[in-house]
Amino acid sequence: MDAELQRVQAELAALKQRNAALERENAKLTLLNARAEEKLCAALDGTGLCLWEQHIPSGNLTIFNRPWGELLGFSREELAAHISSWKQNLHPDDKEWVIKAFEDHVNGLTDEYQAVHRMIHKDGSVSWVSDRGRVIEYSPDGTALRIMGTHIDITQEKRYELELAQLALSDPLTHLSNRKAITQAFEEHQAQTSSGGALFFIDLDDFKGINDGLGHKLGDLLLIHVANTLTNLSHSGLNGQSAHCARLGGDEFVVLIPAIDEALLHQFAQTILNVYRQPLELEGQLVSLGLSIGIYRFNHTDTFITCCEYADTAMYQVKKQGKHAYRFWRSKPTAPATSEQLTN
């Protein structure tokens, strides 16, 4: 009996030692796991990545290294960690195609889910994100059960990209479109409609003399004034027709108008000239400015270069015959139209 008791006691002591060793091993593994998670979170946070997982049947979502909803300014209580919350905060213009891209992968139509898209922040602003994901677990019948992926906020990078694109297409002084942008706008117009339109080519009269006599600062202010005038009149003076204004360089401006009604174009040109009938006051100085305007009504086969050439030719005819007037390009020269001619 004593021998049996000793054997049991020995086994119990051995089990206690084994249990203690297992507890030490478990504590060690728990510590290693915590440190691994810390390193992973640090690495992910350093790159701005969020690691997410979705249980597909339930729709429940988990972000491992950040609180759910933080990227969009929400608390967990305000935004449920669920696929429906993600869908409702997708930008309306991106929602349909992003959800389709996600579901196509879940349904086995694509090798991975990948999308760069917009989401709506709690404050109403737009956040840009880059999402990637891949199904990592399937049921025995092949149904997708879990998908894991990464999500990164690229708002700052996207804003920088858009600003660079804007700079590449705009005039830095007047903020009008530049030659590249107006050329693209013209080509898009020609591709989308066969109704033609009109191109105004506008050159400031004696601008070099103004620039040399009054200084480049005042010259720049004058260019900005003309740009603002063209923009404002394009919004209000074309009976609802939209127009695209651009500065080609120096003191040359163009206005692309998707209308060919000659009476409307006469009226618009005269309205521009009327703004500069009287001297302007800039920086405490009175500045007299004239504009010479050439107009070409184009059809759907014309190129932008052709339109500029014809409108420029009409503009130079104005220069030769008195300035501060406008002329339509004709196959045969005609006298420039003036305010007096229009009213008689």
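Because the structure is a prediction, the values reported are computed rather than measured.

Remarks on the pattern of salt bridges
Across all of its chains, the model carries 16 salt bridges by this definition. In this structure, the salt-bridge partner of Asp104 is Lys100, at a minimum N-O distance of 2.9 Å. Taken together, the positions of Asp104 and Lys100, both in helix α3 (residues 95-106) and four residues apart, correspond to about one turn of that helix. Note that Arg247 is salt-bridged to Asp171, the shortest N-O span being 3.2 Å. Of this pair, Arg247 sits in strand β7 (residues 244-249) while Asp171 sits in the loop between α4 (155-169) and α5 (179-192), and the two are 76 residues apart along the sequence.

Structural notes on the sheet that holds strand β12 (residues 325-328)
Pairing is mixed in the open sheet, where five strands are placed in the order β7-β8-β6-β11-β12. The sheet terminates laterally at β7 and β12, the two strands that pair on one side only. Ignoring which end each strand starts from, the neighbouring axes of this sheet average 20° apart. Summarising the sheet, strand β6 (residues 197-205) and strand β11 (residues 290-298) pair through nine bridges and their orientation is antiparallel.

Quick word on the packing of aromatic side chains
In this structure the tally under the stated criterion is nine aromatic pairs. By the ring-pair criterion, three or more aromatic residues cluster together here, those being Trp86, Phe102 and Tyr113. Taking NZ or CZ as reference, Lys158 lies 4.7 Å from the ring centre of Trp128, over its face.

Some details on the sheet that holds strand β2 (residues 60-63)
Pairing between sheet strands relies on hydrogen bonds along the backbone, with the strands arranged either parallel or antiparallel. Pairing within the open sheet is antiparallel, and its five strands lie in the order β2-β1-β5-β4-β3. A strand with exactly one partner marks an edge of an open sheet, and here the two such strands are β2 and β3 (113-120). On average, each strand axis in the sheet is inclined to that of its neighbour by 30°, with strand direction left out of account. In this sheet, strand β5 (residues 144-153) lies alongside strand β4 (residues 126-138) in antiparallel orientation, the contact comprising nine bridges.

Here we look at a nonpolar patch on the surface
There is a patch of nonpolar side chains on the surface, built from Tyr160, Leu164 and Leu167 and spanning about 340 Å² of accessible area. Within the fold, Leu167 resides in helix α4. We classify Leu167 as exposed; its relative accessible area is 58%.

Overview of the environment of Ser194
When you line up the elements, Ser194 lands in the loop between α5 and β6. Using a relative accessible area of 58% as the deciding quantity, one classes Ser194 as exposed. Distance in space between the C-alpha atoms of Ser194 and Asn299 is 7.2 Å, their sequence separation being 105 residues.

Details of the pairing of β3
Only one face of β3 is covered, namely the one carrying Tyr113, Ala115, His117 and Met119; the face carrying Gln114, Val116, Arg118 and Ile120 has none of its residues buried. In the sheet, β3 pairs with β4 via eight bridges, with the strands oriented antiparallel. Bridge pairing in β4 places Gln114 opposite Arg132.

Reading the values: rules and limits
Residues numbered from 1 in each chain as written. Predicted model: local features only at pLDDT ≥ 70, side-chain atom pairs only at ≥ 80, totals over all residues. Heavy atoms only, no water. Salt bridge = Lys/Arg side-chain N within 4 Å of Asp/Glu carboxyl O. Helix = DSSP H or I, 4+ residues; strand = E, 2+ residues; numbered from the N terminus. Pairing = 2+ DSSP bridges. Axes fitted to C-alpha atoms, helices over the stretch in contact; angles between N-to-C directions. Phe/Tyr/Trp six-rings, centres within 6.5 Å; stacked < 30°, edge-to-face > 60°. Lys NZ or Arg CZ within 6 Å of the ring centre and 35° of its normal. Patch = residues over 30% accessible without salt bridge, like charges linked within 9 Å, V, L, I, M, F, W, Y side chains within 5 Å. Areas by Shrake-Rupley, 256 points an atom, 1.4 Å probe, with all protein chains shown as cover. Buried < 20%, exposed > 50% of the residue type's maximum accessible area, 1.4 Å probe, protein only.

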